[in-house]
Protein chains: 2
Amino acid sequence: MSDWRYDVLGLGNAIVDVIARAEEDFLIREKLHKGSMTLIDEARALGLYDVMGSGTVISGGSAANTIVGLASFGAKAAFIGKVRADDPGHAFAHDIKAMGVHYPTAPAKDGPATARCFVLVTPDGERTMNTYLGACQNLTPDDVDEATVQASAITYLEGYLWDPPAAKQAFLKAATIAHAAGRKVALTLSDSFCVDRYRDEFLDLIRKKTVDIVFANQHELCSLYQTADFESAVVALRSEDLLGVVTCSEDGSLVVTRDETHAVAAFPIQQLVDTTGAGDLYAAGFLAGLTRSADYVTCARLGGLAAAEVIQHYGARPQANLRDLATECGMI
Amino acid sequence: MSDWRYDVLGLGNAIVDVIARAEEDFLIREKLHKGSMTLIDEARALGLYDVMGSGTVISGGSAANTIVGLASFGAKAAFIGKVRADDPGHAFAHDIKAMGVHYPTAPAKDGPATARCFVLVTPDGERTMNTYLGACQNLTPDDVDEATVQASAITYLEGYLWDPPAAKQAFLKAATIAHAAGRKVALTLSDSFCVDRYRDEFLDLIRKKTVDIVFANQHELCSLYQTADFESAVVALRSEDLLGVVTCSEDGSLVVTRDETHAVAAFPIQQLVDTTGAGDLYAAGFLAGLTRSADYVTCARLGGLAAAEVIQHYGARPQANLRDLATECGMI
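A. Summary view of the interface of chain B and chain A. Residue-level contacts link 21 residues of chain B with 21 residues of chain A. Together, the buried faces of chain B and chain A total about 1,600 Å²; carbon and sulfur atoms form 46% of this surface. Area buried by chain B at its contact with chain A is led by Y49, H94 and Q319 of chain B, which between them contribute 30% of it. Counting across the chain B and chain A interface gives two salt bridges. Note that R116 of chain B and D87 of chain A form a salt bridge whose closest N and O atoms lie 3.4 Å from each other. In this assembly, chain B and chain A are joined by eleven residue pairs in polar contact (both at pLDDT 80 or more). At the level of elements, helix 2 (42-51), strand 4 (56-59) and helix 4 (87-98) of chain B are the ones that each hand at least two residues to the side of chain B that touches chain A. Of all the elements, helix 4 of chain B adds the most residues to the side of chain B that touches chain A, at seven residues. Classifying every residue of the side of chain B that touches chain A gives nine nonpolar, seven polar and five charged.

Following this line, the structure appears as structure tokens:
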């Protein structure tokens, strides 16, 4: 079966971001690990919110950001992720549906509140994330709609799904259904500390061919192979014999297969404002290219374009129409 | 008594903005009056939210934006305005307190939800506002803390307070307390349609010296004096014998007293993104100058600087530290 209804289905934590500017000394005072994502409980979430600055609230979630980016590129997209039926949950659902994304997941009627990520952006544009998973802990295999997975050319999964206990089973169920339907499965390693928490399981997903495409940044890749030497990490990735896509911030990205490695420069920016969503939107651009059967270099350039758009403003959702942007740049 | 604890106390509607980009044809389809503020009921609020695009949520409210701007300039500021004890209400209180503003108003435990303003920003940067007043309708004279008003050099009131029934009495109570304590009272006319709704009462406030300072843009001033001729509206304002401050968008602003009129150019900008809060932040800069005993021209330049900052990004709250910005520009 080669026909499908959705180009990409995303499965991930459904999160609302609360973004605030913060000085370096605030991160130190609050013992926050700059540039990474830390899981926090409800008490810490309330405490951190009390001391952080004035916030801007924008829907987020890694895979959700990627899916919204794909929709902005004009791709047919769907998303599975759990919110609670509360104010932020309604906002998350509104925002993703407003982008034309199919979002079939029923909100939890009770239990923990919709997930919040407190994103602290330092003057250098780097973001430090603190996530209260809340309702994401209620995502189960029952939320994985078989028909939607079968109808999606690519199912895109985030490594963060290893954090909420039941979500891992939902991830594996989706991957199994996708492959049974002859579809592709993509994984993003999400965060170097996330890789550190689940290294063996992630390597298993790669080596047992549970995933066909892997997205990572250089820190995540080095963490995966427990090396400080990026070059050797890339060699290790190549030996896995799948499609590997590695982002290197301002140094652009690498597309790695068993037979070839393509290095593509980053898209130029005028001003770095907030790196939140850079990796998510890169994946959106790359996958948008794949769904259009573009060559890997074009896919990587589309990824760079989308990442460049999102890091020049606050929030991890695109503010421009990415398809128009790509057309203006002559990429599609 | 010449000593005080607060430079400026603001009294206004406590509103959370939901900002979304919209095309011109969306405004036409939804019968929205571009550039103005329209009051909507809860049903219309829900209906409009359903059809509008992905939103960014940022605390707003005209006088509240001005007060936060003053705090960003380093002024001692306080605010009185009503939210409900719900998610957006907590966010509004968090955001204004995070700026160091004294905010003594108790949230309503029940009744309508915290006010929302759906701000639709067209590609030209113009904003069209649709406000559901919600909990603002529960602001009463009891919320006006006498000690706080007496302790404030200037009490700043928004014309929008004429919309929620009881707020008008709170406005008049605050003005009476302020004058009894030898303080100044300022009014912003808020919106040309608001002026149209309450023209006679606003003229009464001016002519009975209930207010000492009036902020208006050219449309509001022309509406106040029911003339299409801006020049004659300025002549009429001068004859009122108070301090009049008139903003004229990219043409800068005018400071009008009985004896003199100063025209001050607008502060240059690189890119107009969203005009939301331009007037609010202009007032913040102007009042910040007054509280520093600056001359009127310097006050107007500080107003232009703050307005220029806020229209170059989404949302009506400053993203930069305005005191640092004014220092860099050699204005203070």
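B. Local environment of the packing of helix 3 (residues 62-72) of chain A against helix 10 (residues 278-291) of chain A. Residue and element names in this part refer to chain A. For the pair helix 3 and helix 10, the least separation of the axes is 8 Å and the interaxial angle reads 45 degrees. Classified by the angle their axes make, helix 3 and helix 10 are oblique. As for how helix 3 packs across helix 10, the hand of that crossing is right-handed. Counting all contacts with helix 3, which are made through S62, N65, T66, G69 and L70, the residues of helix 10 involved are D280, L281, A283, A284, L287 and A288. Class assignment of the residues belonging to the contact of helix 3 with helix 10 gives a composition of six nonpolar, four polar and one charged.

C. Spotlight on the relation of the copies chain B and chain A. With an RMSD of 0.0 Å, the operation that places chain B on chain A is a rotation of 180 degrees combined with a shift of 0.0 Å along the axis. The superposition of one copy onto the other is thereby described by a two-fold rotation axis. Among all residues of chain B, the one whose C-alpha sits closest to the rotation axis is V57 of chain B, at a distance of 2.4 Å. The share of interface residues of chain B whose copies in chain A are also at the interface is 100%, consistent with both copies meeting through the same surface.

D. Here's a closer look at helix 9 (residues 230-239) of chain A. All names here are of chain A. Looking only at helix 9, the buried set comprises F230, A233, V234, A236 and L237. The arc that holds the buried residues of helix 9, viewed along the axis, is 160 degrees, so those residues lie on one side. Pointing more than 90 degrees away from the buried face of helix 9 are the exposed residues E231, V235 and S239. At its buried positions, helix 9 is contacted by helix 8 (218-224), strand 11 (243-247) and strand 12 (253-256). In the segment just after helix 9, D241 is the residue with positive phi, at about 60 degrees.

E. Spotlight on the sheet that holds strand 5 (residues 77-80) of chain A. All names here are of chain A. In spatial order, the strands read 5-1-8-9-10-11-12-13; together these eight strands make up an open sheet with mixed pairing. Edge positions in the sheet fall to strand 5 and strand 13 (261-264), since each has one partner strand and no second. Along the sheet, successive strands turn relative to each other by an average axial angle of 15 degrees, direction set aside. Of the strands in this sheet, strand 1 (6-11), strand 8 (152-158) and strand 9 (184-188) are in contact with helix 6 (residues 167-180), which crosses strand 8 at around 160 degrees.

F. Region of interest: the packing of aromatic side chains. Residue and element names in this part refer to chain A. Throughout the structure, instances matching the rule amount to 22 aromatic pairs over all chains. Summarising the aromatic geometry, the rings of Y282 and F286 are spaced 6.3 Å apart at their centres and angled 25 degrees between planes, so their arrangement reads as stacked. Here the residue Y282 and the residue F286 both occupy positions in helix 10, the gap between them amounting to four residues, near one helical turn. Taken together, the ring pairs connect Y156, F215, Y282, F286 and Y296 into an aromatic cluster.

G. Representation of helix 4 (residues 87-98) of chain A within the structure. Residue and element names in this part refer to chain A. An ideal rise of 1.5 Å per residue puts 16 Å on twelve residues; helix 4 measures up with 16 Å between its terminal C-alpha atoms. What helix 4 keeps buried is the set P88, G89, A91, F92, A93, H94, D95 and I96. Where helix 4 starts, the residue carrying a side-chain oxygen 2.8 Å from the main-chain nitrogen of G89 turns out to be D86. Positioned one or two residues after helix 4, G100 has a phi angle of 85 degrees, which is positive.

H. Summary view of the pattern of salt bridges. All names here are of chain A. According to the stated counting rule, one finds 28 salt bridges over all chains in the structure shown. A salt bridge links D241 to R258; the shortest N-O distance between them is 3.6 Å. Pair noted here: D241 is in the loop between helix 9 and strand 11 and R258 is in the loop between strand 12 and strand 13, with a separation of 17 residues, a long-range link. Ionic contacts of the salt-bridge type, sharing partners, join the residues E24, K34 and D124 into one network.

I. Spatial organisation of the sheet that holds strand 13 (residues 261-264) of chain B. All names here are of chain B. Read from one edge of the open sheet, eight strands run 5-1-8-9-10-11-12-13, paired in mixed fashion. On the outer flanks of this sheet lie strand 5 (77-80) and strand 13, each paired with one strand and no other. Ignoring which end each strand starts from, the neighbouring axes of this sheet average 15 degrees apart.

J. Region of interest: unusual backbone geometry. All names here are of chain A. Non-glycine residue K31 carries a positive phi angle of around 55 degrees. Within the fold, K31 resides in the loop between helix 1 (24-29) and strand 3 (37-39). A positive phi is found at S190, a non-glycine position, where the angle reads about 75 degrees. Relative to the helices and strands, S190 is located in the loop between strand 9 and helix 7 (192-207).

What counts as what
Residues numbered from 1 in each chain as written. Chains lettered and ligands numbered in written order. Predicted model: local features only at pLDDT ≥ 70, side-chain atom pairs only at ≥ 80, totals over all residues. Heavy atoms only, no water. Contact = heavy atoms within 4.5 Å. Buried area = accessible area lost by both parts, 1.4 Å probe. Salt bridge = Lys/Arg side-chain N within 4 Å of Asp/Glu carboxyl O. Polar contact = N/O pair within 3.5 Å; in protein donor to acceptor, adjacent residues only side chain to side chain. Helix = DSSP H or I, 4+ residues; strand = E, 2+ residues; numbered from the N terminus. Nonpolar A, V, L, I, M, F, W, Y, C, P; charged D, E, K, R; others polar. Axes fitted to C-alpha atoms, helices over the stretch in contact; angles between N-to-C directions. Parallel < 35°, antiparallel > 145°, perpendicular 65-115°, else oblique. Left-handed = near helix turned anticlockwise from the far one by under 90°. Least-squares fit on C-alpha atoms with pLDDT ≥ 70 in both. Buried < 20%, exposed > 50% of the residue type's maximum accessible area, 1.4 Å probe, protein only. Arc of directions from axis to C-beta. Pairing = 2+ DSSP bridges. Phe/Tyr/Trp six-rings, centres within 6.5 Å; stacked < 30°, edge-to-face > 60°. Expected span 1.5 Å × (residues − 1).

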